[in-house]
Structure formats: structure tokens, C-alpha cells
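# Examining the three-dimensional arrangement
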Amino acid sequence: MKLQFTVTAAAALAAILALSVAQADPVEDDQLVINGEEELATQAPAPDHLQGALGETVYSGWLFRDTETRAMQKDDFDNPMFLFVDAGLEAWDKQEGTAGKSCADCHNDIGESMRGVRAQMPKVNDKGELWSLENYVNDCRTNRMGAEAWGWNSQDMKNMTAAIGVQSRGMPVAVKIDGPAAPFWEKGKEMYYTRYGQLEMSCANCHEDNFGKNIRSDHLSQGQINGFPLYRLKDQGAVSAHQRFVGCIRDTRGVPFEPGGLEFRELELYVASRGNGLAVETPAVRH
Amino acid sequence: MADNVKPRVRVPKTASKDEVITIKTLISHPMESGQRKDKDGNIVPRSIINRFTAEFNGQLVIDATLEPAISTNPYLEFDAKVPETGEFKFTWYDDDGSVYEDAHKVEVS
Amino acid sequence: MLISRRGVLSAGAGLAAFALLPVAVRAQGAAAAPTQTADEVIAEFTGGAEVVDGDGVKLTAPEIAENGNTVPISVEAPGASEIMVLAVENPTPGVAKFVFGPLAATQAAATRIRLAKTQDVVAIAKMADGSFVRTASNVKVTIGGCGG
């Protein structure tokens, strides 16, 4: 682990946090019940590999948002992400590419074939490469449908990953970190604790050392990604995990890695594993 | 011109006569406010849904004028009462002249 | 094609004001119509009639908006024919106007709005007797630390 400690960085972070209000913990008294029917687990015992870094419990980012934002996720109609899920479900049935096939032609019903898929992403494929859900989608598109690959953060891709992702909603996040995944996971972990940018801040500086506190008026979460792709009120649109990583690193005044690149897939694996046990909330709503 | 503008409406399929039904509507639309600038510093022109109407069997429920302050993917919720079996017509009007429609039948007992 | 308020303005009383605009703005047409102040928007709605603060109209808005881009609000004014909503410190103060028809079960509506900064959100209802009643809610719009 490389830790380049500089006085400036520490002072900067301390100054920002000093202006914050007293510690505001995740909400204790609200349950994430979808459509009045399905309750999702927004807390879980911290995975062993963390070795206590986040305390005993891991919390979903949902618990750190305010009342109105949390309410938006409780109803599949109020949740604007479902505009994109609907579009993804339409695309699932649409024939595209030189093979004249749709996703449905091979995978049939999305609810049956895609159940549990997103809960294990990213994972190592049979060629030993670490793939996120987007890689699998594009692999089918290019190799089996004869269609063009979708951009990682294109609306089409986010529609599809939302439609596939919701099929895992409620299931525990369960990414593998051992075996062939181990070397990728180690790199992701190293990245999580590396300070980036002019402000020299690492993911851990905020999401491990200071979750629950406010950075200006932002209530810091543990930085879990169990809800991605999700609707960000700020963007007024669908946001993918890599897109969010780009934003975070850019805000340290660093040059972000490429969305879809190996670095962010490794980081995605590591960050996902920090939330192993939390329910998949895709498609979530955050600010 | 807005692409992929899709309405999403929640209306119950059945209701009792004069029962209060809550209707929720959402439509995917960027609602370009006319305040943003592009990379070259030019204003991105306003392009929004400027009006929404809901009618039932030809009678007005609500007529909403929307300004650029309405969020992207405009959400509208309101209550209607239905005196008889019939059909709701929902219409969204775009600055660029496009009109988007959705219709839902309701059986009234 | 629907005639917007902008269209009515430039066609009628606004013609004189329109002529005073810098040429470049006029040339752009509808996209650069003059921005009305909150008072002007209100005056147009009420026709200059008196507006009284009261609880005949209710406005529900959060005290603090987690993000200014999507702030949920709702308005209700039993017996009203119309309700107008404004955000007085936005670049253009108008937010929405709701006209209720015979099949509206309540004179209420909910939506999500954009607030450029901390400000009062104002709701004015036109009652059945032609009178106008007003209420306001201050909403704090916060800046997140991450920015991104």
C-alpha cells in the first residue's frame, strides 16, 4: 500500500471536514420496502476481508440520503430509473445486428435468465479476464448478434444494465475475490487506498475514515455500489459505477482512468466486495 | 428535438364511481432549460415539455403549464375522479412542436 | 400549436418592451424572450388583483434539498381553479401553473422542480370567488462536498 502523506492534503481534508456539522449517522428507523411489498437488506455484517476497516456493519448508501431521496426509491413508479429499465426491456426484445437476433432469442425471459447475474459482477470469465456486466453485453452484441458494441456509458448500455440489474434486486451482492479473481482484487484494493490528484485523496479518506460525517452538506456514505446503475438527482439521469468513479477522481483534481478500462474494473470488483452481503438495489436513487 | 421521449403513467384499471384516483405520470425528456452553455460557451437553447393535459372521456382533469424549472424527466401527480367507464388521455406538448400521447382505459363499477 | 405565455406577451402589451431589446436578442426569437421578474409573473396571473397570505393554499417542500436539480414539491388549495408556483431566485421565476378541470378530484398536484439556490418557493391559488391566496416555503439548496 502506498501512502504519500503530505501536510497539505491532511490540512485540506481537515479544513473541509471541520466546517461540517456534528456526525450524522446512517438513518436507523427507515426500511427500504419496495412498492410496499419487498424489503431489501440495507445493512449487513461487514465482510471478513475488511478486517474491521468499516466496523462491524456495512451500510447501503440509501441510509445516508435524506427523506425525500429515500422515498423516491421505494416506489417503482416514483423511481425515474424505471424509464431506463423500460427502455432496456424493450431493447432486450429488439432484433439487432447481422445475425438478426435479439437478446430474447437466446436468453428468453430476462427474469429467468438474468436472475442473480448482476449480483456477481464483475467476475473473471473463462479466458481469465475480469469482466463487468457491460463487457458481457458487448461480447454478445459483437460476437453473437453481429451488432455494434455500445459505449460503456452510453444510454443504451445503461438502459440494458439497469434492466438486467433489477433482475438481481434483493439478492445479496456476492462477488468472488479468491481464485482467479484474487490478483485483480488486490490491485483494486491498492487503488482504493491510493491518494490521487492535486488534493491527494483516496477513496478511503472519505468513505472509510469519514463516512457518516458531512463534507460541506454532503452526507458521506461508505461508497458502496450495490445500487448501480442508479438515478442521480444531480445528473437527472442514469449513472454507472465507472461514471461515478470518474467523478470522484476528477474531484480530487486528478486525471480519471477510462470508464471500462481494467483499472476501474479492478476497482469495481474491490468496491463491490466491500458490500458483499448488502442487497442489490439496482436501480437505486441517490443525490 | 428530443429523442426517445417515453411516457410512463400509472392509472388503476378499475375504480368505483367518483372514487378519488391518484395518477402518477413520468416522461423521459431532458427539459433543456436554456440556461446551460455548451463547451464553446454558447447557450444550449431551451427545449422543454411546456404543457401537460389529462382528460377523461373528453372532460378536463388538469392542464399544467410547465416552465424550465421543472426537473428532467418531468413527474406529475394529481387526483382524478371518474363518473363512468371510459378512457384517460394524457398529452405532453414539446417546445419543438412534438406532441406525445398516452391513453388508459378505466372500468367503473 | 399552443400559444405560450411568451407568445401572448410579444403579441400584445409586450410589443413595446420587445422593441427595446438589443438586436441580437430579438434576432434569436423565442429562445431569448425577456425574463419576467417574479412580480411580473404574479401580476400577469392575478391581473393585478390583491394577493393575501393565507392557509387556503398549502405548499409542501423540503426544508433542505439534497440536490437542487430535483426537489419534490406539492401544492393543494381546496376549491381553487388554478394554482401557480414560482421560485423567486431562479433565473426565470416561473415553475408551473395548474388549471383544474371538472374531473379533478382534488385541487392538488405534485411535481419535481429545479432550484438554482436557496430561496422561497411561492404558491398562489386563484379561488372560486376570484380572490388570490399565497403561501411560501423556504428551501435551502445545498452544495455537496464532492461536487462531482
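As a reminder, the structure under discussion sits directly above these lines.
In this convention, every chain numbers its residues from 1, walking through the sequence in written order. Here the convention is simple: chains get letters from A, ligands get numbers from 1, in the order in which they are written. The predicted origin of the model limits local features to residues at a pLDDT of at least 70 and limits the giving and counting of side-chain atom pairs to 80 or more, whereas totals for whole chains, interfaces and linings rest on all residues. Hydrogens and water molecules were not included; the side-chain quantities draw on all heavy atoms of the structure.

### Some words on the overall build of chain C
We count it as follows: Only DSSP runs of H or I with at least four residues qualify as helices, and only runs of E with at least two residues qualify as strands; both kinds are numbered from the N terminus onward. Burial classes: relative accessible area under 20% of the type maximum marks a residue as buried, over 50% as exposed, and values in between as partly exposed (1.4 Å probe, protein chains only). Pairs of residues are marked as contacts when any of their non-hydrogen atoms sit within 4.5 Å.
Regarding its fold elements, chain C presents four helices and nine strands. Its helices and strands taken in sequence order, chain C reads α-α-α-α-β-β-β-β-β-β-β-β-β from the N to the C terminus. Here chain C holds 148 residues, and the buried ones make up 43% of them. Excluding contacts between residues fewer than 6 apart, the proportion of contacts in chain C whose partners are at least 24 apart in sequence is 61%.

### Observations regarding the overall build of chain A
Keep this limit in mind: Between the two quantities, the radius of gyration covers C-alpha atoms and the globule rule is 2.2 Å times the number of residues to the power 0.38. Using a 1.4 Å probe, accessible areas were evaluated by the Shrake-Rupley method; residue-level cover was limited to the displayed protein chains. By the counting rule applied here, Lys and Arg register as positive and Asp and Glu as negative, while His and the ends of each chain are not counted. Charge placement uses NZ in Lys and CZ in Arg. For Asp and Glu, CG and CD serve respectively.
Counting secondary structure elements, chain A contains 11 helices and 11 strands. A compact globule built from 287 residues would reach a C-alpha radius of gyration of about 19 Å, and chain A, at 19 Å, matches this within 12%. Taking the principal axes of its C-alpha atoms as reference, chain A extends roughly 60 × 40 × 35 Å. For chain A, long-range pairs separated by at least 24 residues make up 70% of all intrachain contacts whose partners lie at least 6 apart in sequence. For chain A, the accessible area works out to roughly 12500 Å², and carbon and sulfur atoms hold 51% of it. Taking the average place of the 28 positive charges on the side chains of chain A and the average place of its 41 negative ones, the gap between the two points comes to 5 Å.

### Description of the interface of chain B and chain C
Where interface size is given, it is often the accessible area lost as the parts come together that is meant. Keep this limit in mind: Two parts lose some accessible area (1.4 Å probe) when they are put together, and adding that loss for both gives the buried area. By definition, a salt bridge exists where a carboxyl oxygen of Asp or Glu is found within 4 Å of a side-chain nitrogen of Lys or Arg. In protein, a polar contact means a hydrogen-donor-capable atom and an acceptor-capable atom, both N or O and within 3.5 Å, with residues adjacent in sequence counting only if both atoms are side-chain atoms; elsewhere, any N or O pair within 3.5 Å suffices.
With 35 residues of chain B at the contact, the number on the chain C side is 30 residues. Carbon and sulfur atoms make up 54% of the surface buried where chain B meets chain C, a total of about 2700 Å² over both sides. For the chain B face of the interface with chain C, the top three residues by lost area are B:Ala69, B:Ser71 and B:Tyr75, together amounting to 20%. Summed over the shared surface of chain B and chain C, the number is zero salt bridges. Across the contact surface, chain B and chain C share 18 residue pairs in polar contact (both at pLDDT 80 or more).

### Thoughts on the packing of helix H6 (residues 133-144) of chain A against helix H7 (residues 155-165) of chain A
All names here are of chain A. Filter applied, for reference: Orientation is described by lines fitted to C-alpha atoms, with helices fitted over the stretch in contact, and by angles between N-to-C directions that extend from 0 to 180 degrees. Should an angle fall under 35 degrees it is taken as roughly parallel, and over 145 as roughly antiparallel, whereas 65 to 115 is taken as roughly perpendicular and any remaining angle as oblique.
For the pair H6 and H7, the least separation of the axes is 10 Å and the interaxial angle reads 110°. The pairing of H6 with H7 is recorded here as roughly perpendicular in orientation. In this structure, H6 contributes Leu-133, Glu-134, Val-137 and Asn-138 to the contact, and H7 contributes Met-157, Met-160, Thr-161 and Ile-164.

### Points about the interface of chain C and chain A
As a reminder, the rule being used: Here the term charged refers only to Asp, Glu, Lys and Arg, the term nonpolar to Ala, Val, Leu, Ile, Met, Phe, Trp, Tyr, Cys and Pro, and the term polar to all other amino acids, Gly among them.
The interface is formed by 16 residues belonging to chain C together with 21 residues belonging to chain A. Regarding the contact of chain C and chain A, the summed buried area is about 1700 Å², with carbon and sulfur atoms giving 47% of it. Across the pair C:Glu66 and A:Arg65 runs a salt bridge whose closest N-O atoms are separated by 2.8 Å. The class makeup of the residues in the side of chain C that touches chain A is five nonpolar, eight polar and three charged.

### Concerning the side chain of B:Ser28
Its location among the elements puts B:Ser28 in the loop between strand S3 (20-27) and strand S4 (49-56). The exposure class assigned to B:Ser28 is buried, which follows from its relative accessible area of 11%. At a separation of 2.8 Å, a polar atom in the side chain of B:Ser28 contacts the main-chain amide nitrogen of B:Lys6. Not counting the four nearest positions on each side in its chain, B:Ser28 is found in contact with A:Leu83, B:Asn4, B:Val5, B:Lys6 and B:Asn73.

### Points about the nonpolar core
It is characteristic of soluble globular proteins that their nonpolar side chains tend to be buried jointly. Selection rule: Residues enter a nonpolar core if they are buried and are Ala, Val, Leu, Ile, Met, Phe, Trp, Tyr or Cys, with the set joined through side-chain atoms within 4.5 Å.
One finds B:Phe52, B:Val61, B:Ile62, B:Phe88, B:Phe90, C:Ile83 and C:Phe98 to be the most contacted residues of the largest nonpolar core, which totals 56 residues. Grouped together as the second largest cluster of nonpolar side chains are 42 residues, A:Ala46, A:Val175, A:Ala241 and A:Tyr270 included.

### Topic: the sheet that holds strand S6 (residues 75-81) of chain B
The condition that has to hold: Two strands are counted as paired when DSSP detects at least two bridges linking them.
Here six strands make up an open sheet; going across it, the order is S1(B)-S3(B)-S6(B)-S7(C)-S4(C)-S2(C) and the pairing antiparallel. Each edge of the open sheet carries a strand with a single partner, namely strand S1 (7-10) of chain B together with strand S2 (58-60) of chain C. With direction set aside, neighbouring strand axes in the sheet form an average angle of 15°. The pairing of S3(B) with S6(B) spans seven bridges and is classified as antiparallel. Counterpart to B:Leu26 in the pairing with S6(B) is B:Tyr75.

### Brief notes about the packing of helix H10 (residues 241-251) of chain A against helix H11 (residues 262-274) of chain A
Residue and element names in this part refer to chain A. Between H10 and H11, the least distance of the axes is 10 Å, while the angle of their chain directions is 100°. Judged by the inter-axis angle, H10 sits roughly perpendicular to H11. Residue-level inspection shows His-242, Phe-245, Val-246 and Ile-249 of H10 in contact with H11, the latter providing Phe-264, Arg-265, Leu-267, Glu-268 and Val-271. Each residue belonging to the contact of H10 with H11 can be placed in one class, and the counts come to six nonpolar, one polar and two charged.

### Focus on H7(A)
The element H7(A) is extensively covered by neighbouring structure, given that nine of its 11 residues are classed as buried. The complete set of buried residues in H7(A) reads A:Met157, A:Lys158, A:Asn159, A:Met160, A:Thr161, A:Ala162, A:Ala163, A:Ile164 and A:Gly165.

### Re the packing of aromatic side chains
Going by this rule: Within 6.5 Å between ring centres, the rings of Phe, Tyr and Trp (the latter by its six-membered ring) count as paired, and their orientation is classed by plane angle as stacked under 30 degrees, edge-to-face over 60, tilted in between. Look at NZ for Lys and CZ for Arg. If either is within 6 Å of the ring centre and within 35 degrees of the ring normal, a charge sits over the ring.
For the structure shown, the criterion picks out 16 aromatic pairs over all chains. Here A:Phe245 and A:Phe264 contribute two aromatic rings whose centre-to-centre distance is 5.4 Å and whose plane-to-plane angle is 55°, an arrangement assigned as tilted. Placement of the pair is A:Phe245 in helix H10 and A:Phe264 in helix H11, with a sequence separation of 19 residues. Site record: aromatic cluster; members linked through ring pairs are B:Phe52, B:Phe56, B:Phe78, B:Phe88, B:Phe90 and B:Trp92. One Lys or Arg, A:Arg70, reaches over the ring of A:Trp62 and ends 5.7 Å from the middle of that ring. In this arrangement the basic side chain of C:Arg112 is found over the ring face of B:Tyr75, its NZ or CZ atom lying 4.1 Å from the centre.

Keep in mind that these numbers describe shape and distance, not what the molecule does.
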